[in-house]
2 protein chains.
Amino acid sequence: MSETPALLRSDAPLLSPDALEARLRAIGEERYHNLHPFHRLLHGGQLDRGQVQAWALNRYYYQASIPRKDATLLARLPTTELRREWRRRLIDHDGSGDAPGGVERWLALTEGLGLDRDYVVSLAGLLPATRFAVDAYVHFVRDRSVLEAVASSLTEMFSPSIISQRVSGMLRSYPFVTAETLAYFTPRLTQAPVDVAFALSYVKEHARTREQQEAVMAALRFKCDLLWAQLDALHFAYVAPRLPPPGAFVPEPT
Amino acid sequence: MSETPALLRSDAPLLSPDALEARLRAIGEERYHNLHPFHRLLHGGQLDRGQVQAWALNRYYYQASIPRKDATLLARLPTTELRREWRRRLIDHDGSGDAPGGVERWLALTEGLGLDRDYVVSLAGLLPATRFAVDAYVHFVRDRSVLEAVASSLTEMFSPSIISQRVSGMLRSYPFVTAETLAYFTPRLTQAPVDVAFALSYVKEHARTREQQEAVMAALRFKCDLLWAQLDALHFAYVAPRLPPPGAFVPEPT
């Protein structure tokens, strides 16, 4: 169904904007990374401190690359209105004045988990698969249509639920996790819906042919895939079969 | 040692060309994917037909992207001499006249394993992690210095040994693998050393500062990492814990 490649669908009828939104939500129900076994382990308290550190360390590269991704898209937006809209995301992630942004708040999370800040920022222990997946996102936003680039942000439609699961689950489960450590997530609960409201209405308005609608769905599947691939790599390296690649972070034995 | 980031090594002395080559060979001994457990299983006959199909299907995207990578670098080479040298790689992989190239020979391999040619070429069942790792290679060759781009090809220094292991091991172990199926590899045994002879001498001649030598070593580590990451993804999806991501190839039960 939603897996049929666009090229086979060129004769398919145009979807109504609401039918397109329903298709997009269905992609999340099928592919969003809250369904990944690693997330179940993370939220269910079944990981040890080193495994949670590995998650936070690798996720840092994703967080730190989001403003790089948004600046890349910002540079391609044609109007003041669109750029002002998208600029808000840069402020959310890079901060403003004394207010720290999401990247800084993520470093508070990694420090709260006992990781050295300079080590995290150096990316020395990053899983190569994390780098490849995250860089693929930045390249996608640079190389694809603006419509596809905006659509690739729509995984935020699904993030508030995963964030509330994650925060409550991690606070309940891990003695080494505090509310301060997870402070990153609190603003996201209000920021993500604002971002989604714009991006979703943009996509519903600007996907005017079935081909464009298929490209929008493919962009969201691509984004789900790269989030999923990051958890595959973490699971493989740190849970089962537990084989960190050469040079990657190795947790201290607990 | 060879893991220390370049920025910490800027005060280190220049290596002799032969000392640089020794460092590069040491990187292969530490990081080349012949050391990956998936390769041991593949060559040792411990995979079933579906698992070998998954390897060939995903490896197809790597093979099909090599001439894309080489054309990207070719477009950046400044002299006729360099372009003629690198052009040979395009002929090796894309073929010439009636002589099939490596990409076509790889499709003979996937067909010999019982995979539908159109399905393989469509990339519909590809692991997203394979796409991210392979595309990272093409982007690296486009975005980094020509010296780093040439250096990233040097994993071919290590390939003749793995190819002979693979061919003999797979022929011995798998009733569903024939010499014709593995015909891809035969020309590589002679092509790779010719490629290496040029690329290695180029790197040894043009890495004239320690910083450039560190960049060359980092480029080879990057290449080893992306080969390794492809096997991590195969192992995770098809061996253990055996969780193919949504939409990826699922072997028929045997």
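In this text the structure is predicted, and so the values were computed from the model without any measurement. (Residues numbered from 1 in each chain as written. Chains lettered and ligands numbered in written order. Predicted model: local features only at pLDDT ≥ 70, side-chain atom pairs only at ≥ 80, totals over all residues. Heavy atoms only, no water.)

Caption draft 1: How the structure looks around the interface of chain A and chain B. In this complex, chain A contributes 26 residues to the contact, which on the side of chain B involves 26 residues. In total, about 2,000 Å² of surface goes out of reach between chain A and chain B, with carbon and sulfur atoms giving 76% of it. Summed over the three residues of chain A that lose the most area to chain B, namely A:F132, A:F236 and A:P246, the buried surface amounts to 33% of that side. For the pair chain A and chain B, the interface holds 0 salt bridges. (Contact = heavy atoms within 4.5 Å. Buried area = accessible area lost by both parts, 1.4 Å probe. Salt bridge = Lys/Arg side-chain N within 4 Å of Asp/Glu carboxyl O.)

Caption draft 2: Seen up close, helix α3 (residues 49–74) of chain B. All names here are of chain B. The end-to-end C-alpha distance of α3, which contains 26 residues, comes to 37 Å, matching closely the 38 Å that a straight helix rising 1.5 Å per residue would cover. A maximum bend of about 30 degrees is found in α3 at S65, where proline P67 lies one to four positions downstream. With 22 of its 26 residues buried, α3 lies for the most part within the structure. The opening residue of α3, the one whose side-chain oxygen lies 3.1 Å from the backbone nitrogen of G50, is D48. (Helix = DSSP H or I, 4+ residues; strand = E, 2+ residues; numbered from the N terminus. Expected span 1.5 Å × (residues − 1). Bend = angle between axes of the 7 residues up to and from the residue. Buried < 20%, exposed > 50% of the residue type's maximum accessible area, 1.4 Å probe, protein only. Polar contact = N/O pair within 3.5 Å; in protein donor to acceptor, adjacent residues only side chain to side chain.)

Caption draft 3: The arrangement of the relation of the copies chain A and chain B in detail. Screw-axis analysis of chain A against chain B gives a translation of 0.0 Å along the axis, an RMSD of 0.0 Å, and a rotation angle of 180 degrees. In short, the pair behaves as if placed about a two-fold rotation axis. Among all residues of chain A, the one whose C-alpha sits closest to the rotation axis is A:F132, at a distance of 2.6 Å. Both copies present the same face, since 100% of the interface residues in chain A are matched by interface residues at the equivalent positions in chain B. (Least-squares fit on C-alpha atoms with pLDDT ≥ 70 in both.)

Caption draft 4: Region of the structure containing the nonpolar core. Core analysis: the biggest nonpolar cluster contains 160 residues, and A:L24, A:W55, B:L24 and B:W55 have the highest contact counts within it. When sequence neighbours within four positions are dropped, the list of residues in contact with A:L24 reads A:L154, A:M157, A:F158, A:L200, A:V203, A:V216, A:M217 and A:L220. (Core = buried A, V, L, I, M, F, W, Y, C linked by side-chain atoms within 4.5 Å.)

Caption draft 5: Summary view of the UniProt feature "domain: Thiaminase-2/PQQC" (unreviewed entry) in chain A. Mapped onto this structure's residue numbering, the UniProt feature "domain: Thiaminase-2/PQQC" (unreviewed entry) falls at residues 22–232 of chain A. Helix makes up 74% of residues 22–232 of chain A and strand 0%. Its end C-alpha atoms lie 27 Å apart. (UniProt positions renumbered as here; feature names shortened; annotations may be inferred.)

Caption draft 6: Inspection of the side chain of B:R188 at higher detail. Within the secondary structure, B:R188 is located in helix α10 (residues 185–206). In terms of polar contacts, B:R188 uses its side chain to reach the side chain of B:Q191, at 2.6 Å.

Caption draft 7: Structural context of the environment of A:A129. For A:A129, the position within the fold is in helix α7 (residues 128–143). Take A:A129: its relative accessible area is 22%, and that puts it in the partly exposed class. Sequence separation between A:A129 and A:Q230 is 101 residues, and the spatial gap between their C-alpha atoms is 6.8 Å. Look past the residues within four positions of A:A129 in its chain and what remains in contact with it is A:A233 and B:A229.

Caption draft 8: Structural detail: the pattern of salt bridges. This model, assessed by the stated rule, comprises 36 salt bridges over all chains. Residues B:D195 and B:R88 are paired through a salt bridge, measuring 2.9 Å at the closest nitrogen-oxygen approach. Here B:D195 is found in helix α10, whereas its partner B:R88 is found in helix α4 (residues 80–94), with 107 residues between them in sequence. The exposure class of B:R88 is partly exposed, given its relative accessible area of 24%. For B:E148, the salt bridge identified is with B:R144, shortest N-O distance 3.1 Å. Judged by its relative accessible area of 13%, B:E148 falls in the buried class. Classification of B:R144 by relative accessible area gives partly exposed; the value is 40%. Members of the salt-bridge network, linked through shared partners, are A:E85, A:R88, A:R89, A:E156, A:R188 and A:D195.

Caption draft 9: Spotlight on the environment of A:Y62. Residues and elements named next belong to chain A. Within the secondary structure, Y62 sits in helix α3 (residues 49–74). Taking the C-alpha atoms as reference, Y62 lies 9.2 Å from L227; in sequence the two are 165 residues apart. Setting aside anything within four residues of it in sequence, one finds Y62 in contact with V134, Y137, K223, L226, L227 and Q230.

Caption draft 10: Summary view of the packing of aromatic side chains. The full count for this structure, using the stated rule, is 26 aromatic pairs over all chains. Between B:F140 and B:F222 the ring centres are 4.3 Å apart and the planes differ by 15 degrees, which places this aromatic pair in the stacked class. Linking B:F140 in helix α7 (residues 128–143) with B:F222 in helix α11 (residues 210–238), this pair joins segments that are 82 residues apart in sequence. As far as the burial class goes, B:F140 and B:F222 line up, both buried. One aromatic cluster is present, formed by A:W55, A:W106, A:Y184 and A:F185 through successive ring pairs. Sitting above the plane of the A:W86 ring, A:R89 keeps its charged end 3.8 Å from the centroid. (Phe/Tyr/Trp six-rings, centres within 6.5 Å; stacked < 30°, edge-to-face > 60°. Lys NZ or Arg CZ within 6 Å of the ring centre and 35° of its normal.)

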